[in-house]
Amino acid sequence: MDQDQDQDPDAVTRGARLAVDVGTVRVGLAASDPDGMLATPVETLPRAAGKVKPGSADVVAVAAHVRERDVAVVYVGLPRHLSGAEGSSADLARAYAVALARQVAPVRVRLVDERMSTVTAHQALQASGRSGRRHRQVVDQAAAVVILQHALDAERATGRRSGERVDVDRRSSRRAVEGSAGDGTTTTE
């Protein structure tokens, strides 16, 4: 881990970024270059059924991408209603972020607002001429691209990492986040 990141976990440091769009059936991934200029689609993974766990096949696969790409930070989309309220999809995303943070530590995981990312992804796919029936196979990747590009733009505008930090305590056995995969908290900056 970069020494500057130890001193200020919200400072932007060089390194690839990975975005994760968590759904009930699939998980979409997008990655950036090490300078954080451009988000590109990576893969759509089937999401393991049941409760989110650090050892689930999809979480392990995302962690493998983190290692292979030498990712500096992972952004997980946090779906909110237009009002800003959170529902069951946000609970799932928070649980997924905690499970992933436990799997990829010391790499930082952050939750970023993803309102309208899937709608934007569908519109972009339709504008590119892709038929609606074929959207399902790539819409999660496209949504991850939207999430990541938003986070990259926010990084450039503020000089800080975007979203809420997901911190995990590997020693604690108590749940810190309601509905989480366990032992995690989020910190809004």
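Provided above is the structure to which this section pertains.
Draft legend 1. How the structure looks around the pairing of strand E4 (residues 71-78). Judged by how many residues are buried, E4 sits mostly within the fold: 8 of 8 residues are covered. Where strand E1 (residues 16-22) meets E4, 5 bridges bridge the pair, whose relative direction is parallel. Its bridge partner lying in E4, alanine 16 is registered against valine 71. Of the strand pairs in this sheet, E4 and strand E5 (residues 108-113) are connected by 6 bridges, and their pairing is parallel. Bridge pairing links valine 76 to leucine 111 in E5.

Draft legend 2. Representation of unusual backbone geometry in the model. Note the cis peptide between alanine 105 and proline 106, where omega equals 15°. Examined against the element boundaries, proline 106 turns out to sit in the loop between helix H3 (88-104) and E5. Of note, aspartate 70 is a non-glycine position whose phi angle comes to about 50°, a positive value.

Draft legend 3. Broad picture of the pattern of salt bridges. Counted by the stated rule, this structure contains 14 salt bridges. The salt bridge partner of arginine 110 is aspartate 10, with a shortest N-O separation of 2.7 Å. Of this pair, arginine 110 sits in strand E5 while aspartate 10 sits in the loop between helix H1 (3-7) and E1; the two residues are 100 residues apart in sequence, bridging distant segments of the chain. What makes arginine 110 buried here is its relative accessible area of 1%. With a relative accessible area of 4%, aspartate 10 lands in the buried category. The partner of arginine 80 in a salt bridge is aspartate 113, with the nearest N and O atoms 3.7 Å apart. Of the two residues, arginine 80 is situated in the loop between E4 and H3 and aspartate 113 in strand E5; the sequence distance between them amounts to 33 residues.

Draft legend 4. Focus on the side chain of arginine 47. With respect to the helices and strands, the residue arginine 47 is situated in the loop between strand E3 (39-46) and helix H2 (57-68). Buried and unpaired, arginine 47 has aspartate 58 as its nearest opposite-charge partner, separated by 4.6 Å. A polar contact is formed between the side chain of arginine 47 and the backbone oxygen of glycine 23, at a distance of 2.9 Å.

Draft legend 5. Structural view of the side chain of aspartate 58. Positionally, aspartate 58 belongs in helix H2. A distance of 3.3 Å separates a polar atom in the side chain of aspartate 58 from the backbone nitrogen of alanine 48. Excluding residues that lie within four positions of it along the chain, aspartate 58 makes contacts with Val27, Leu45, Pro46, Arg47, Ala48 and Tyr96.

Draft legend 6. Quick look at the nonpolar core. Of all hydrophobic cores here, the largest spans 31 residues; its most connected members are Val20, Val62, Val74, Val76, Tyr96, Leu100 and Val109. Elements with a contribution of two residues or more to this core: E1, strand E2 (26-32), H2, E4, H3 and E5. It is H3 that contributes the most residues to this core, 11 residues altogether. Apart from the residues lying within four places of it in its own chain, the contact partners of valine 74 are Leu18, Val20, Val66, Leu100, Val107, Arg108, Val109 and Arg110.

Conventions adopted
- Residues numbered from 1 in each chain as written.
- Predicted model: local features only at pLDDT ≥ 70, side-chain atom pairs only at ≥ 80, totals over all residues.
- Heavy atoms only, no water.
- Buried < 20%, exposed > 50% of the residue type's maximum accessible area, 1.4 Å probe, protein only.
- Helix = DSSP H or I, 4+ residues; strand = E, 2+ residues; numbered from the N terminus.
- Pairing = 2+ DSSP bridges.
- Salt bridge = Lys/Arg side-chain N within 4 Å of Asp/Glu carboxyl O.
- Lys, Arg positive; Asp, Glu negative; His and termini not counted.
- Polar contact = N/O pair within 3.5 Å; in protein donor to acceptor, adjacent residues only side chain to side chain.
- Contact = heavy atoms within 4.5 Å.
- Core = buried A, V, L, I, M, F, W, Y, C linked by side-chain atoms within 4.5 Å.

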